[in-house]
Amino acid sequence: MRLSLRQLQIFLAVADAGSTTAAADRVALSQSATSAALNELESLLGARLFDRVGKRLLMNDNGRVLLPQARQMLDAASMIEQQFVPGTPASGAGLHIGASTTIGIYLLPDILAAAYGRTGQTNPEVMIANTADIIAAVANFEIDLGLIEGPCHNADLHVEPWILDELIVVAAPAHPLAAESGRKVPLKALREVAWLLREPGSGTREAVEHALVPHLHVLRPGGQFSNSEAIKHAAAAGLGVACLSRSVVADFITSGRLVEVPTTLPALRRNFFLIHSRRKILSQRLDAFRAFCLRWERSAGCAPP
């Protein structure tokens with residue numbers, strides 16, 4: 001493409017000023033260079049844009065057709081430049097963010113609202129999948145930044161501990177474990193119940209197994225589900241016992257559909273992580289979002305590391 005933004009800028013300056021002499025001051029060129037640039041543009045388009053009347057240049061019908069298009073193109077170019085000026089308010093435009101399921105459903109909406117929603121900025125494009133899929137997408141440069149709830153063992157990715165998440169054991173109010181009010185449920189009873197679990201590859205599944213198996217030795221499966229919301233509803237329906245993030249079950253505990261089961265287990269916590277490729281060049285917008293996530297706190301079951 002031979003048409004340049006500089007030529008359009010000079011055309012607009014001449015259109016506004018009425019002569020190449022007056023336009024030259026606006027574009028920081030000599031009168032002869034301004035005139036030459038205008039002639040080059042007209043030659044390129046194969047059409048005169050101004051009628052020459054003495055020393056004055058009067059825009060003709062060709063010029064009036066070009067005028068709004070030229071302004072639009074220069075405005076768009078100016079907007080592009082402003083987006084990359086240091087200190088410009090961050091926008092999520094152009095960012096591709098990935099989140100594992102629990103984070104994507106229960107935490108990310110609040111994070112995006114706090115980061116962009118109250119300023120009218122554009123939100124990033126979001127992918128929600130299990131932890132293994134998010135790790136693969138980050139490694140393949142399909143997404144810029146991953147927010148995951150399970151460990152990442154890919155050496156090509158930079159992994160930052162993010163926030164601590166509290167895991168709790170829950171059951172329906174009518175479940176036998178829930179009826180053991182007033183005392184902590186012993187490990188023997190926990191080994192005998194049916195556990196509702198996430199699918200392999202899920203960060204929650206890995207975290208639950210890491211937290212429970214050393215104490216219970218084995219988890220008797222009562223069902224496998226592809227997201228924590230399904231497990232929450234299955235537990236409320238009495239299908240088994242679940243170990244989930246407090247953030248996931250807080251609403252059901254408040255409404256009485258689930259109860260927290262006190263146990264003799266130690267406190268169950270896991271780290272959430274931020275990940276990106278070690279070869280990824282972090283843009284101003286991406287680094288600003290990453291920094292915002294590191295500062296962000298949520299009271300319901302999450303805390304800074």
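Within each chain, residue numbers correspond to sequence positions counted from 1 in written order. Where local features are concerned, this predicted model is filtered to residues with pLDDT of at least 70; where side-chain atom pairs are given and counted, the filter is 80 or more; whole-chain, interface and lining totals use all residues. The side-chain quantities take in all heavy atoms of the structure and omit both hydrogens and water.

Colleague: Help me understand the confidence of the model for the chain in this model?
Modeller: Detailed conclusions should not be drawn from predicted coordinates in areas where pLDDT is low. Predictor confidence is given residue by residue as pLDDT, running from a minimum of 0 to a maximum of 100. Mean pLDDT for the chain: 88, with 92% of residues reaching 70 or above. Working definition: helices are DSSP H or I runs of at least four residues, strands are E runs of at least two. Numbering for both runs from the N terminus. When mean pLDDT is taken per element in the chain, strand β5 (residues 145-148) scores highest with 96 and strand β12 (residues 302-303) scores lowest with 48.

Colleague: For this particular structure, what's the right way to read the packing of helix α1 (residues 5-17) against helix α3 (residues 31-45)?
Modeller: Pairs of packed helices are described in terms of their axes, by the angle between the two and the distance that separates them. It is the contact of α1 with α3, at a shortest axis distance of 9 Å, that shows an interaxial angle of 110 degrees. Classified by the angle between their axes, α1 and α3 sit roughly perpendicular to one another. Here α1 runs over α3; the crossing is left-handed. Two secondary-structure elements touch here, α1 through Q7, I10, F11 and V14 and α3 through T34, A37, L38, E40, L41 and L44. Taken together, the residues of the contact of α1 with α3 break down into 7 nonpolar, 2 polar and 1 charged. For helices, the fitted line uses only the C-alpha atoms of the stretch in contact; every axis is such a line through C-alpha atoms, and the angle between N-to-C directions lies from 0 to 180 degrees. Oblique is the label for every angle not falling under 35 degrees (roughly parallel), over 145 degrees (roughly antiparallel), or within 65 to 115 degrees (roughly perpendicular). Helix crossings fall into two classes, left-handed where the near helix is turned counterclockwise from the far one by less than a right angle and right-handed where it is turned clockwise. What makes two residues a contact is simply this: any of their non-hydrogen atoms within 4.5 Å. Residues are sorted three ways: Asp, Glu, Lys and Arg are charged, Ala, Val, Leu, Ile, Met, Phe, Trp, Tyr, Cys and Pro are nonpolar, and all the rest, Gly among them, are polar.

Colleague: Help me understand empty space enclosed by the protein in this model?
Modeller: Over the atoms rolls a probe the size of a water molecule, and in doing so it shows where empty space is left. Points on a 1 Å grid, built from protein atoms alone, make a cavity when a 1.4 Å probe fits but cannot get out and make a pocket when they are open with protein on both sides within 12 Å along at least 5 of 7 lines; residues with an atom within 4 Å of a point are the lining residues. Grid points are joined across faces, edges and corners, and a volume is the space filled by probe spheres set on the points. Overall, the coordinates contain 1 cavity of 30 Å³ or more when judged by the stated rule. Of the volumes computed, that of the largest cavity is approximately 40 Å³. For the lining of the largest cavity, the secondary-structure elements that each account for two or more residues are β7 (195-198), α8 (203-216) and β9 (241-245). Split by residue class, the lining of the largest cavity holds 6 nonpolar, 1 polar and 2 charged.

Colleague: How do you make sense of the side chain of E160 when you look at a structure like this?
Modeller: Its place among the elements puts E160 in strand β6 (residues 157-171). What E160 contacts, discounting residues up to four positions off in sequence, is F272, F273, L274, R290 and L294.

Colleague: For this particular structure, what's the right way to read the pattern of salt bridges?
Modeller: Salt bridges are counted wherever a side-chain nitrogen of Lys or Arg sits within 4 Å of a carboxyl oxygen of Asp or Glu. With the rule as written, the count across this model stands at 15 salt bridges. Where R71 meets D16, a salt bridge forms, and the shortest distance between an N and an O atom there is 3.0 Å. Residue R71 is located in helix α4 (residues 61-83), and its partner D16 is located in helix α1; the two are separated by 55 residues in the primary sequence. Here the term buried applies to any residue with accessible area under 20% of the maximum for its type, exposed to any over 50%, and partly exposed to those in between, with areas from a 1.4 Å probe on protein chains only. R71 sits in the partly exposed class, given a relative accessible area of 34%.

Colleague: Mind showing me how you'd approach the packing of aromatic side chains here?
Modeller: The description of an aromatic ring pair uses the distance of the two centres, along with the angle that the planes make with each other. Aromatic rings from Phe, Tyr and Trp, with only the six-membered ring used for Trp, were paired whenever their centres fell within 6.5 Å, and each pair was classed as stacked if the ring planes differed by under 30 degrees, edge-to-face if by over 60, and tilted otherwise. All chains considered together, the criterion is met by 3 aromatic pairs. A centroid spacing of 5.7 Å and a plane angle of 50 degrees characterise the contact between F11 and F50, whose relative ring orientation is tilted. One end of the pair, F11, is in helix α1; the other, F50, is in strand β1 (residues 50-53), with 39 residues separating them in the sequence. Judged by relative accessible area, F11 falls into the buried class, the value being 0%. Taken together, a centroid distance of 6.3 Å and an interplanar angle of 45 degrees make the contact between W162 and F272 tilted. Residue W162 is found in strand β6, and its partner F272 is found in strand β11 (residues 268-277); the two are separated by 110 residues along the sequence. Side by side, W162 and F272 carry an identical accessibility label, which is buried.

Colleague: Would you mind showing me how to read α8 here?
Modeller: Because an α-helix completes one turn every 3.6 residues, residues spaced three or four positions apart along the sequence face the same direction. For α8, spanning 14 residues, the distance from its first C-alpha to its last is 19 Å, which sits close to the expected 20 Å at 1.5 Å a residue. Here the bend at a residue means the angle between the axes of two seven-residue stretches, the one that ends at it and the one that starts at it. Of all the bends found along α8, the most pronounced is centred on H210 and spans about 30 degrees, while P214, a proline, follows it within four residues. For α8, the complete set of buried residues consists of G203, T204, R205, A207, V208, A211, L212 and L216. For the purposes of these results, a polar contact is taken to be a pair of N or O atoms within 3.5 Å, where, inside protein, one atom must be able to donate a hydrogen and its partner to accept one; residues adjacent in sequence count only when each atom of the pair is a side-chain atom. Here α8 starts with a cap whose side-chain oxygen sits 3.1 Å from the backbone nitrogen of T204, and that cap is S202. Following α8 by one or two positions, H217 adopts a phi angle in the positive range, close to 75 degrees. Multiplying one less than the number of residues by 1.5 Å gives the expected span of a helix.

Colleague: I keep staring at the side chain of D165 and nothing clicks. Help me out?
Modeller: Position of D165 among the secondary structure elements: in strand β6. Side chain to side chain, D165 and S245 meet in a polar contact 2.8 Å long.

Colleague: Please explain helix α10 (residues 246-255) as it appears in this structure.
Modeller: Inspection of α10 places S247, V248, V249 and F252 among the buried residues, and these make up the whole buried set. Two or three places before S247, at the opening of α10, S245 has a side-chain oxygen 3.1 Å from that residue's backbone nitrogen. G256 occupies a position one or two residues after α10 and carries a positive phi of about 90 degrees.

Colleague: Sorry if this is basic, but what is going on with the environment of E209 here?
Modeller: Here E209 lies in helix α8. When its relative accessible area of 30% is taken as the criterion, E209 is described as partly exposed. Sequence-wise, E209 and L197 are 12 residues apart; in three dimensions their C-alpha atoms are separated by 9.3 Å. Among all residues touching E209, those that are not within four sequence positions of it are P214 and L219.

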